[in-house]
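# Notes for the structure review
Residues per chain are reported as follows:
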Amino acid sequence: MKGIVFDIDDTLYCRQDMLVQAAEKVLGVKVGDWREFIRIFYEKSDINMAALESGEITTREINGWRYNETFRLMGLPYDDGDGVLAADAYLELQSHMFISEDMKKALDAFAADKETVLAILTAGESKHQRNKVTMLGLNKWFSDENVIVTGEAGFPKPDVRLFRLMEERLGLSPDELWMIGDNYDKDITGAINSGWHSLWINRRGLPSPEIKPDIEVLTDEELIKALKGLLDL
Ligand SMILES: [Mg+2]
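About the cut-offs
Residues numbered from 1 in each chain as written. Predicted model: local features only at pLDDT ≥ 70, side-chain atom pairs only at ≥ 80, totals over all residues. Heavy atoms only, no water. Donors = N, O, S within 2.8 Å, 3.2 Å for Na, K, Ca; no water. Helix = DSSP H or I, 4+ residues; strand = E, 2+ residues; numbered from the N terminus. Buried < 20%, exposed > 50% of the residue type's maximum accessible area, 1.4 Å probe, protein only. Polar contact = N/O pair within 3.5 Å; in protein donor to acceptor, adjacent residues only side chain to side chain. Contact = heavy atoms within 4.5 Å. Patch = residues over 30% accessible without salt bridge, like charges linked within 9 Å, V, L, I, M, F, W, Y side chains within 5 Å. Areas by Shrake-Rupley, 256 points an atom, 1.4 Å probe, with all protein chains shown as cover. Salt bridge = Lys/Arg side-chain N within 4 Å of Asp/Glu carboxyl O. Lys, Arg positive; Asp, Glu negative; His and termini not counted. Charge placed at Lys NZ, Arg CZ, Asp CG, Glu CD. Phe/Tyr/Trp six-rings, centres within 6.5 Å; stacked < 30°, edge-to-face > 60°.

### Side note on the coordination of the magnesium ion
Distances from the magnesium ion to its protein donors, Asp7 (OD), Asp9 (O) and Asp182 (OD), fall at 2.1 to 2.2 Å. Along the chain, the residues that donate to the magnesium ion are spaced as D-x1-D-x172-D. One end of the pair, Asp7, is in the loop between strand 1 (2-6) and helix 1 (16-27); the other, Asp182, is in the loop between strand 4 (177-181) and helix 10 (184-193), and 175 residues separate them in sequence. Across the pair, Asp182 and Asp7 agree in class, each one buried.

### Here's the deal with the side chain of Asn146
Assignment of secondary structure puts Asn146 in the loop between helix 7 (126-135) and strand 3 (147-149). Polar contacts involving the side chain of Asn146 include one to the main-chain carbonyl oxygen of Leu118, which spans 3.4 Å. Setting aside residues up to four positions removed in sequence, Asn146 forms contacts with Val117, Leu118, Ala119, Ile120, Met166, Arg169 and Leu170.

### Details of the environment of Gly28
Among the secondary structure elements, Gly28 is positioned in the loop between helix 1 and helix 2 (34-47). Here Gly28 falls in the exposed class, since its relative accessible area comes to 62%. Each C-alpha atom, one on Gly28 and one on Pro77, is 9.4 Å from the other, the two residues being 49 residues apart in sequence.

### Thoughts on a negative patch on the surface
Where like charges cluster on the molecular surface, the negative patch consists of Asp102, Glu216, Glu221 and Glu222. Of the residues examined, Glu222 reaches a relative accessible area of 35% and is grouped as partly exposed.

### Let's talk about the packing of aromatic side chains
The description of an aromatic ring pair rests on the distance of the ring centres and on the angle between the ring planes. Inspection of every chain in the model, using the stated rule, returns nine aromatic pairs. For the ring pair Tyr67 and Phe71, a centre distance of 5.7 Å and an interplane angle of 35 degrees mean the geometry is tilted. Of this pair, Tyr67 and Phe71 both sit in helix 4 (residues 59-74), separated by four residues, roughly a single helical turn. Here Tyr67 and Phe71 have matching classes, each one buried. Clustering of aromatic rings is evident, with ring pairs tying together Phe37, Phe41, Tyr42, Tyr67, Phe71 and Tyr78.

Given below as structure tokens:
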């Protein structure tokens, strides 16, 4: 048996484009270097994650703050209210988000394989992340009990206890599990420290880390190919 555990954001679907689009819509200007924009936004995303998971602040508030900080550091013209407006625009774009046809096919293939169990390990506020599962139609491949949201579990990524919780949930041992994610420090470090296999989606082409995942891919094409490879293991 093997368990394939997916992160959601920038793993099952690509949210980077939507984050940039929402900012450009509100500011009325191009953000310039979008990779740098995403880098800063994600760096800021790590700062208040605990308060978000505990419900102290809302996803809207935190995204508004992340946007304002990113605007400031990028030297973009903005008013204090723009961050929250961009967060709202992003939410609106998210309501139209979808997963690619290639990813759907890959999930279909896993779902048809009796030796594979599919699961999700995602960081954030429970309601917000579970809404995404519904909006993306992920219930077709992932049963509710195989979805763990950090906001419900009480441990943040990359806490090993979160990964142990998933092992328990699926009844599988660490060497039977694969973590598929885009965030090296959260998804991949957690998996490696837990004795899991890992596949890192390094879409932004970050420098190769010292402790390597089993598989590293740079593009969505490579990701789909790598997932097919996992099916044959
Ligand atoms: Mg992610």
